[in-house]
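Descriptive analysis of the structure
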Amino acid sequence: MKNKLLPIISVVIISIVLWGSIALSEDYICGINAPVELLDISQQYAPVFLSGESVYVRLKGKGWELAKICLGGEHSFYVSSPQNKGRYSINLKNEFENNPWIGSSVSVVEIIPSEIKLRIEDRVTKKVPVEKNFHISFAPGFGLASEVEFFPDSIVVSGPESILKNVESVKTDTVKFENVNESQEGEVDLLLENGIEYSTDRCKFKFDVEKIIELEFKDIPVKVLNTPPDKELLIFPVKINVILRGGLNKLGRLSKEDIKVFADFRDAVGDNEDMLAPRIIIPKYTELIGAVPSKLKYIIRER
C-alpha cells in the first residue's frame, strides 16, 4: 500500500506546483493601503496633513510579482517633502520613483487620492506630564495609599506648532483595575496622536493599595493664627485628638507632628457663636473622620 501511495502523493504535489506556476504567470490586480511618509523633511519643520495620511494603490502585474508585493509585508508610500513653510498640494503620480517597492514589472492602475494637501510649520518641542486614565475599584476594606506614579512621569513631544500648543499632557491607555486588594505595578501604553513625535510610547506605573483602618492621634497642639497685634485669642482646649482613616502602613508611619491644627482669629471674628471649629491639615491619602473636641471654646481680649 505504501509503495502505491508515494507515487500518488508525488503526482499530486507536482500537479499543484504546475497549476500554481501557470496561475501565477497570469495578470492580476491587487490593492494596498499605505501610510504616506515624507522624505528628507527638515528637522526645524513639521508637516500637518490637510487631507488623508494614507493612500490606496491598485497594482496590475503577474501573479508572482504581485505576490511578492502584496504578501511581502507592510509598505509606506514615500513622498518628497517641501523644504519650506507653507501650504502644498502634491501630485502622487509624480512620486512613484520614491517607492521602489512598486517595481517596474508592475503598473499602477489607480491611486486614491491622486494628490495630498499638507501644511509645513515650525517644529515645536516641549515636555508634558503623563496623565493617568485608570479606573480603579477596590476590594471591601481596601483603598489607595499613594499617588499613582509613572516612570517617566513626563515625556518630550515634538510636532507642528498649531497642534502642540493644545497639548498639555499625554494620557495613558484606559486601564481597569477591579476588586484590588494589593499594590499594583506594570507597564501601560500612551495614547499617541498622529503628527506628533514622542520620546517614548510606554511608561511604567505603580501605586500602593492597603487595608484601610481608622487611627486616633492624641494631644495635637492647636496653633493660633492671624491674631492682630492688639488682640489675643485664647482657646480651650489647647490640644485635641484627631481621627484619620487611611492605609494600615501609611497611618502606622505617621506621627502627630504630621497633622497640623489651627485656630484662625478671622474665623472667630466672623462667627456669632462662642465655639470655634479648628482647621485641620492632614497628609495625602488620609481621610479626616473627626476631631475630639470638634469645636473649641475661645475668648478674644485686648493685649
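Counting its secondary structure elements, the protein chain contains 5 helices and 24 strands. A compact globule built from 303 residues would reach a C-alpha radius of gyration of about 19 Å, whereas the protein chain, at 35 Å, exceeds it by more than 25%. Reported as C-alpha extents along the three principal axes, the dimensions of the protein chain are approximately 110 × 70 × 25 Å. Going through the 303 residues of the protein chain one by one, you find that 33% of them count as buried. Excluding contacts between residues fewer than 6 apart, the proportion of contacts in the protein chain whose partners are at least 24 apart in sequence is 73%. Summing over all exposed atoms, the protein chain offers an accessible surface of approximately 18700 Å²; the carbon and sulfur share of this is 52%. Here the protein chain contributes 38 positively and 44 negatively charged side chains, and the mean placements of these two sets differ by 2 Å.

Residues Val55, Leu59 and Phe77 are the most contacted members of the largest nonpolar core, which totals 23 residues. Of all elements in the fold, only strand 1 (27-39), strand 2 (45-49), strand 3 (54-62), helix 2 (63-70), strand 4 (77-80) and strand 7 (115-131) reach the threshold of two or more residues within this core. The element contributing the most residues to this core is strand 1, with 5 residues. Apart from residues lying up to four places away in sequence, leucine 59 is in contact with Tyr28, Ile29, Cys30, Ile32, Leu66, Ile69, Trp101, Ile102, Ser107, Val108 and Val109. Ranked by size, the runner-up nonpolar core spans 22 residues in total, among them Phe134, Val170, Ile196 and Tyr198.

What follows covers the packing of aromatic side chains. Following the criterion strictly, the structure yields 7 aromatic pairs and no others. Judged by centre distance (5.2 Å) and plane angle (70°), the rings of phenylalanine 134 and phenylalanine 205 are edge-to-face. Note that phenylalanine 134 is positioned in strand 8 (residues 134-138) and phenylalanine 205 in strand 16 (residues 202-207), a separation of 71 residues in sequence. Judged by relative accessible area, phenylalanine 134 falls into the buried class, the value being 11%.

A word on helix 2. Taken together, the buried positions of helix 2 are occupied by Gly63, Leu66 and Ile69. Seen end-on, helix 2 carries its buried residues on one side only, within an arc spanning 130°.

Right, let's talk about the sheet that holds strand 18 (residues 231-236) for a bit. Strand order in the open sheet formed by 3 strands is 18-24-21, with antiparallel pairing between adjacent strands. Sheet topology places strand 18 and strand 21 (275-276) at the edges, where each strand pairs with a single neighbour. As paired elements, strand 21 and strand 24 (residues 296-302) share 2 bridges and run antiparallel to each other. Across the sheet, leucine 276 pairs through a bridge with leucine 296, a residue of strand 24.

Conventions used here
Position numbers for residues start from 1 in each chain and track the written sequence from start to end. Note on the predicted model: pLDDT of at least 70 is required for a residue's local features to be given, and 80 or more for side-chain atom pairs to be given and counted; whole-chain, interface and lining totals, by contrast, use all residues. Only hydrogens and water are set aside; all other atoms, that is, all heavy atoms of the structure, feed into the side-chain values. A run of H or I in DSSP counts as a helix once it spans at least four residues, and a run of E counts as a strand once it spans at least two, with each numbered from the N terminus. C-alpha atoms define the radius of gyration, and 2.2 Å times the number of residues to the power 0.38 defines the globule rule. Here the term buried applies to any residue with accessible area under 20% of the maximum for its type, exposed to any over 50%, and partly exposed to those in between, with areas from a 1.4 Å probe on protein chains only. Any two residues whose heavy atoms approach within 4.5 Å are treated as being in contact. Note on areas: these come from Shrake-Rupley sampling with a 1.4 Å probe, and a residue is covered only by the protein chains present in the view. By the counting scheme adopted, Arg and Lys are positive, Glu and Asp are negative, and His together with the chain ends is not counted. A charge is said to be at NZ when it belongs to Lys, at CZ for Arg, at CG for Asp and at CD for Glu. Nine residue types can take part in a nonpolar core, namely buried Ala, Val, Leu, Ile, Met, Phe, Trp, Tyr and Cys, and a core is a set of them joined through side-chain atoms within 4.5 Å. The pairing test for Phe, Tyr and Trp rings, Trp by its six-membered ring, is centres within 6.5 Å, and the orientation test on the planes gives stacked under 30 degrees, edge-to-face over 60, and tilted for anything in between. The directions considered for the arc run from the helix axis to the C-beta atoms. Whether two strands pair comes down to DSSP finding at least two bridges between them.

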